[in-house]
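# A look at the structure
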Amino acid sequence: MTTLFEHGIVVTLGSENKVLWDGAVAVDGERIGGVGDPLSLRTKFPQAKIIDCSGKVVLPGFICAHHHFYSTMARGMSIPGQPASNFVEILERLWWKVDRALLDEDITLSAQIPLIECVRNGTTAVIDHHASPGAREGSLDLMEAAVRQAGIRASLCYEVSDRNVVGGGIAENERFIRKTGKGDGQIAAMMGLHASFTLSDQTLEKCAGIARDAGVGCHIHVAEDAADREDSLKKHGTPTVMRLEKLGASGSQSLFIHCVHVDDAEMDRIVATDTAVVHNPESNMNNAVGVTPLLALLKKGALVGLGTDGMASDMLAQMRCAYLLHRLANRDPRVAFVEAPQLLLQNNAAIARRQFGLPLGEIAEGNPADLAILDYRPPTPLTSDNFLGHLIFGLVDAVVDTTVCRGRVLMKDKQILVLDEERITARSRELAPKMWKRLQAL
Ligand SMILES: [Zn+2]
């Protein structure tokens, strides 16, 4: 079965980034069968189903390198008492209660809703970090089922932490890693770890060993707040990145999330170990933890990707947030114009390739057919030379009309075809107040 998406402006991205006006993309099974002009692709695929993309821009599907689907039901919840005044209080009063209050059905709904939002925003691959200490066993299977139903790709892990019980989550993580193995291109597995300050040497070393043996990476929050760095210095006499490297958590399969409070020597070790970093600007601003030294990391050659940390599933908005944040933080209007799109478009693709073993992030013949098709009629000429200007100031606010992943159309004419949003959100509104009530008792 071949589908021809034709007459759109096709932006291929990848090393050559071609912009094809009145272009066409043939989707043949799960792969891209051809990219070019409509006439030649119609000749190549005479039986193809035609989808008209006039007035639209066709891009590779977006990738989110760090998400927390489980955070969904915290939306609109009020927390009694004084507002949390720092990062550790935010965890203690909010997130470490939300995750404990989740039951099986909450986990499924909490995944389905952001998955719908991913489809709506053209996000076709996500690296998620899950926690549900009150319903741990089998939780990753529930998430996998939701992801398969939604039709996008996800790398899943369970957040191991010693905060509730020593080594909590190891068994669920290890079970899922063994079950998933190298993955099937749609689902991948990682070893999830909360953060240095909630993990003993023993737990960290054990988890890093399980990950190493299975050939997967560790997915861990690193120096998100100054408290994580201070804890590592005080208890272990070494900064966070050095501690994690010593215990085996670094490496090219691993993801160090945030890295806000890292020094020069730690950045050098991140580069030397080829560990990828994921920047989450909206989350960092929301939690008031500081600004990741993004430009310094990139200058040293670190692979830095972009995530939402559970805040949202709209990657273009996250990209613009990174762009604005680093201009302001550096008080320099010359920076971040290239870097912020680079995180989203090139670096997230590189990170996703490490996770899924697939050439994601580029529309090219033979590559996986993951597409985001947006309503956008450029008001000025759009070429490969000025694409970034259109991305940051135009496409960022464009509405996604059609989303395709693994060759399957998941949304068309802005209609989600894979999950029943009305039913799912209605059920979630029923269960959320019950979850909030359980949470108040914790
Ligand atoms: Zn996170």
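One can find the structure itself at the top, above this paragraph.
A brief look at the structure comes next. In this text, all values refer to a predicted model and were calculated from it rather than measured experimentally.

### Describing the environment of A322
By the secondary structure assignment, A322 is in helix α12 (residues 315-330). In sequence terms A322 and F337 are 15 residues apart; their C-alpha atoms lie 9.5 Å from each other. Excluding its chain neighbours within four sequence positions, the residues that come into contact with A322 are H279, P281, L306, A336 and A340.

### Quick word on the sheet that holds strand β15 (residues 304-306)
In a beta sheet, neighbouring strands pair by backbone hydrogen bonds and run either parallel or antiparallel. Across the sheet, which stays open at both edges, the 6 strands sit in the order β9-β11-β12-β13-β14-β15 with parallel pairing between neighbours. Looking at which strands have only one partner, the edges of the open sheet turn out to be β9 (159-160) and β15. Taken together, the 4 bridges between strand β12 (residues 218-222) and strand β13 (residues 255-258) define a ladder with parallel strand orientation. Paired with V222 across the strands is H258, a residue of β13.

### Topic: the sheet that holds strand β10 (residues 187-189)
Strands sit in the order β6-β7-β8-β10 across an open sheet of 4 strands; the sheet is parallel. Since the sheet does not close on itself, it has two edges, and those belong to β6 (62-67) and β10, each with one partner. The mean angle between the axes of side-by-side strands here comes to 15°, regardless of whether they run parallel or antiparallel. Pairing geometry for strand β7 (residues 123-128) and strand β8 (residues 153-156), over 3 bridges, is parallel. Bridging from a neighbouring strand, V126 pairs with A154 of β8. Contacting β7, β8 and β10, helix α4 (residues 139-150) runs over the sheet at an angle of about 170° to β8.

### Digging into the coordination of the zinc ion
For the zinc ion, the full set of protein donor atoms is H66 (NE2), H68 (NE2), H221 (NE2) and D309 (OD), at a range of 1.9 to 2.1 Å. Bound by 4 donor atoms, the zinc ion shows angles of 93 to 156° at the metal and therefore irregular coordination geometry. Sequence spacing among the residues donating to the zinc ion works out to H-x1-H-x152-H-x87-D. With H221 in strand β12 and D309 in the loop between β15 and α12, this pair connects stretches of sequence that are 88 residues apart.

### Quick notes on the layout of surface pockets
Its volume calculated, the largest pocket comes out at about 800 Å³. Lining the largest pocket we find 40 residues, and of these S71, L94, W95, N286 and N287 sit closest to its centre. Every element with two or more residues in the lining of the largest pocket is listed here: α2 (87-101), α3 (104-120), β11 (191-195) and α10 (281-286). The element contributing the most residues to the lining of the largest pocket is α2, with 8 residues. Grouping the amino acids of the lining of the largest pocket by side-chain chemistry returns 18 nonpolar, 14 polar and 8 charged. Considering only enclosed or pocket space, the second largest pocket measures out at about 190 Å³ in volume. Considering the residues around the second largest pocket, the lining is formed by T72, M73, R75, I113, T425, S428, R429, A432, P433 and W436. Of the residues forming the lining of the second largest pocket, the biggest block, 6 residues, is contributed by helix α15 (residues 421-440).

### A word on the pairing of β6
The element β6 is extensively covered by neighbouring structure, given that 6 of its 6 residues are classed as buried. Inspection of the sheet shows β6 paired to β7 by 4 bridges, in the parallel sense. The partner of F62 across the bridge, within β7, is T123.

### Here we look at the pairing of strand β14 (residues 276-279)
Residues A276 and V278 point to one face of β14 and V277 and H279 to the other, with burial holding for every one of them. Relative to β14, β13 runs parallel, the two sharing 3 bridges. Note on β14: the bridge partner recorded for F256 is V277. With respect to chirality, the unit in which β13 leads through helix α9 (residues 264-272) into the neighbouring parallel β14 is right-handed. The pairing of β14 with β15 spans 3 bridges and is parallel. Opposite V278, over in β15, you have G305 as the bridge partner.

The rules behind each value
Residues numbered from 1 in each chain as written. Predicted model: local features only at pLDDT ≥ 70, side-chain atom pairs only at ≥ 80, totals over all residues. Heavy atoms only, no water. Helix = DSSP H or I, 4+ residues; strand = E, 2+ residues; numbered from the N terminus. Contact = heavy atoms within 4.5 Å. Pairing = 2+ DSSP bridges. Axes fitted to C-alpha atoms, helices over the stretch in contact; angles between N-to-C directions. Donors = N, O, S within 2.8 Å, 3.2 Å for Na, K, Ca; no water. Tetrahedral: all angles 85-135°; square planar, octahedral: opposite > 155°, others 65-115°. 1 Å grid on protein atoms, 1.4 Å probe; cavity = no way out; pocket = protein on both sides within 12 Å on 5 of 7 lines; lining within 4 Å. Points joined across faces, edges and corners; volume = space filled by probe spheres on them. Nonpolar A, V, L, I, M, F, W, Y, C, P; charged D, E, K, R; others polar. Buried < 20%, exposed > 50% of the residue type's maximum accessible area, 1.4 Å probe, protein only. Right-handed = clockwise from strand over helix to strand, strands pointing away.

The values reported here are purely geometric and, on their own, carry no functional implication.
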